[in-house]
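Coordinate inspection notes
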Amino acid sequence: MDAREVALLTLNACERQGGWSDGVLKKQLAQSGLDSRDAGLATQICFGVLQNKFLLDFYLSRFSNIPLKRMEAKVVQALRIALYQMLFLTRIPHSAAVNSAVEMTRKHCKNPRASGMVNGILRAVERTLDRLPTIPAEDEAEYLSTLYSHPKWLVELWVKQLGRQEAERLLAADNSAPPVTAQVNTCKISTVALLGRLSEAGVDAQVHPWLKDCIVIRQTGDLEQLDSFRDGLFYIQDPASRLAVMAAGVQPDMRILDACAAPGGKSFAAAMDMENRGEIISCDLHPHKKKLMRAGAERLGLECMKPQTADATQYRPEWDAAFDLVLADVPCSGLGVIRKKPDIRYKDPELLEGLPEVQNRILENVCRYVKPGGVLLYSTCTVLERENEAIVDTF
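Now for a description of the structure that goes with this document. Small disclaimer: the values here were computed from a predicted structure and weren't measured.

Cut-off values and rules
Residues numbered from 1 in each chain as written. Predicted model: local features only at pLDDT ≥ 70, side-chain atom pairs only at ≥ 80, totals over all residues. Heavy atoms only, no water. Helix = DSSP H or I, 4+ residues; strand = E, 2+ residues; numbered from the N terminus. Phe/Tyr/Trp six-rings, centres within 6.5 Å; stacked < 30°, edge-to-face > 60°. Buried < 20%, exposed > 50% of the residue type's maximum accessible area, 1.4 Å probe, protein only. Lys NZ or Arg CZ within 6 Å of the ring centre and 35° of its normal. Patch = residues over 30% accessible without salt bridge, like charges linked within 9 Å, V, L, I, M, F, W, Y side chains within 5 Å. Areas by Shrake-Rupley, 256 points an atom, 1.4 Å probe, with all protein chains shown as cover. Salt bridge = Lys/Arg side-chain N within 4 Å of Asp/Glu carboxyl O. Pairing = 2+ DSSP bridges. Right-handed = clockwise from strand over helix to strand, strands pointing away. Expected span 1.5 Å × (residues − 1). Arc of directions from axis to C-beta. Contact = heavy atoms within 4.5 Å.

With that settled, consider unusual backbone geometry. The amide bond that connects A262 to the next residue, P263, takes the cis arrangement and shows omega of 5°. Mapping P263 onto the fold places it in the loop between β5 (254-258) and α14 (265-273). Look at E275: it is not a glycine, yet its phi comes out positive at around 60°. Secondary-structure assignment places E275 in the loop between α14 and β6 (278-284). Backbone geometry at A321 places phi at a positive 50°, although glycine is not the residue there. Relative to the assigned elements, A321 resides in the loop between β7 (305-309) and β8 (323-329).

Enumeration according to the criterion identifies eight aromatic pairs in this entry. Where W319 meets Y369, the ring centres are 5.6 Å apart and the plane angle is 90°; that geometry is what we call edge-to-face. Of this pair, W319 sits in the loop between β7 and β8 while Y369 is found in the loop between α16 (355-366) and β9 (370-379), placing the two residues 50 residues apart along the sequence. Here W319 falls in the buried class, since its relative accessible area comes to 7%. One aromatic cluster is present, built from ring pairs that chain together Y315, W319, F323 and Y369. One cation-aromatic arrangement involves R299 over F229; the distance from NZ or CZ to the ring centre is 3.8 Å. Sitting over the face of the ring of W319, R316 holds its NZ or CZ atom 4.2 Å from the ring centroid.

Below, the discussion takes up a nonpolar patch on the surface. On the surface, a nonpolar cluster with roughly 330 Å² of combined accessible area is contributed by W210, L243 and M246. Assessed through its relative accessible area of 37%, L243 is described here as partly exposed.

Let us look at the pairing of β6. Of all seven residues making up β6, five are buried, and the element is well covered by its neighbours. Sheet analysis places β5 next to β6, joined by five bridges and oriented parallel. In the strand pairing of β6, I256 is matched with I280. Between β5 and its parallel partner β6, the chain crosses via α14, and the hand of that crossover is right-handed. Two strands pair when backbone bridges link them, and β6 and β7 are joined in this way by five bridges, in the parallel orientation. By the bridge assignment, I281 is partnered in β7 with K306.

Here helix α2 (residues 21-32) contains twelve residues, and its C-alpha end-to-end distance of 16 Å stays within 8% of the 16 Å for a straight helix at 1.5 Å per residue. Of the residues making up α2, those classed as buried are S21, V24, L25, Q28 and S32. Buried residues in α2, looked at end-on, bunch into an arc of 100°, giving them a common side. Turned more than 90 degrees from where α2 packs its buried face, K26, K27 and A30 sit exposed. If you follow the buried residues of α2, they end up packed against α1 (3-17) and α3 (36-51). At the C-terminal side of α2, G33 shows a positive phi close to 75°.

What follows deals with the pattern of salt bridges. In total, this model carries 22 salt bridges according to the counting rule given. The salt bridge involving R80 is made with E15; its shortest N-O contact spans 3.3 Å. Of this pair, R80 sits in helix α5 (residues 73-88) while E15 sits in helix α1; the two residues are 65 residues apart in sequence, bridging distant segments of the chain. For E279, the salt bridge is made with R255, and the minimal N-O distance between the two is 2.7 Å. Of this pair, E279 sits in strand β6 while R255 sits in strand β5, and the two are 24 residues apart along the sequence. Take E279: its relative accessible area is 25%, and that puts it in the partly exposed class. Looking at R255, the relative accessible area reads 26%, which means it is partly exposed. Residues participating in the shared-partner salt-bridge network are E15, K53, D57 and R80.

Structure follows, in structure tokens:
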């Protein structure tokens, strides 16, 4: 199994079964036995197709006599994977992308004629790569939706919320490659010492340009195989998540409740700011996530963190006015992290409508747990006003 085949199986599973691409891809890579270079290519292709799906389908539909929706699912994925390589991966010869798609179709698809069709479509595209069809621009939202592969409803919402220019900048940023950022476990090691350890292991890591004790990692391979990771010297977390905890003013010996904590990143950050002194009760609704948080805390050596299973909408009288800081990192649409999780953009918008009600219920409940003079932190990983400013204004 090669990188393109892993990408094909991942994309097909995500579309058919509704799984998240990062989790499905991780399982496929574990089964494939690919080396780090090919695993990186599989990841790049998988995420690249998801980031550009509407654009790829627009072009493919112009070269096919059969509508894409009538094709076998794996045939469509093979076409997308090949075209993505032809448009975006300049180091891969077009012939290699086409031949691979034909072979994958022959191997994985039921229709014996499908491989010939795939070859014909892709050869036709290859001959006209320098003069591809123009995306119609009469409908501004439709144009941006196709160009940046975001659903039209989301484009319209962001244009209304941010204006055309800023919305387009956000759409473009969503399709860029996210950096890998890690927080240094200052309870175990300094930033300078960790950088030295990573350098010895052949990892390219640099100090983050504006966040203290944060590093940007490149050329990593599998991070979880690094001795520094296994020894709990760092954990992966975006700077924005770290900033939220910094804004709360965490101090040693505090008592903190992280009401919606899994997978635990903000609890880890708070524990380090507390110098591992005090108590953090880290809660999640699902029992298996408690195990995940406990494993992370044990790896990092954060004894002050106490994972529990709890529903943040249900009142616990024993917690009334009991905490110096309450973190409410509520369930949300996740539309602020599309760059890391490109398939979030394809969520059914109807499933997101009920989130503000849940967020309000959580906030109204957990605010009662804050001591007089304490701090309540509300955070999301979305950029929708109805889940951010509107919730805060109502509260």
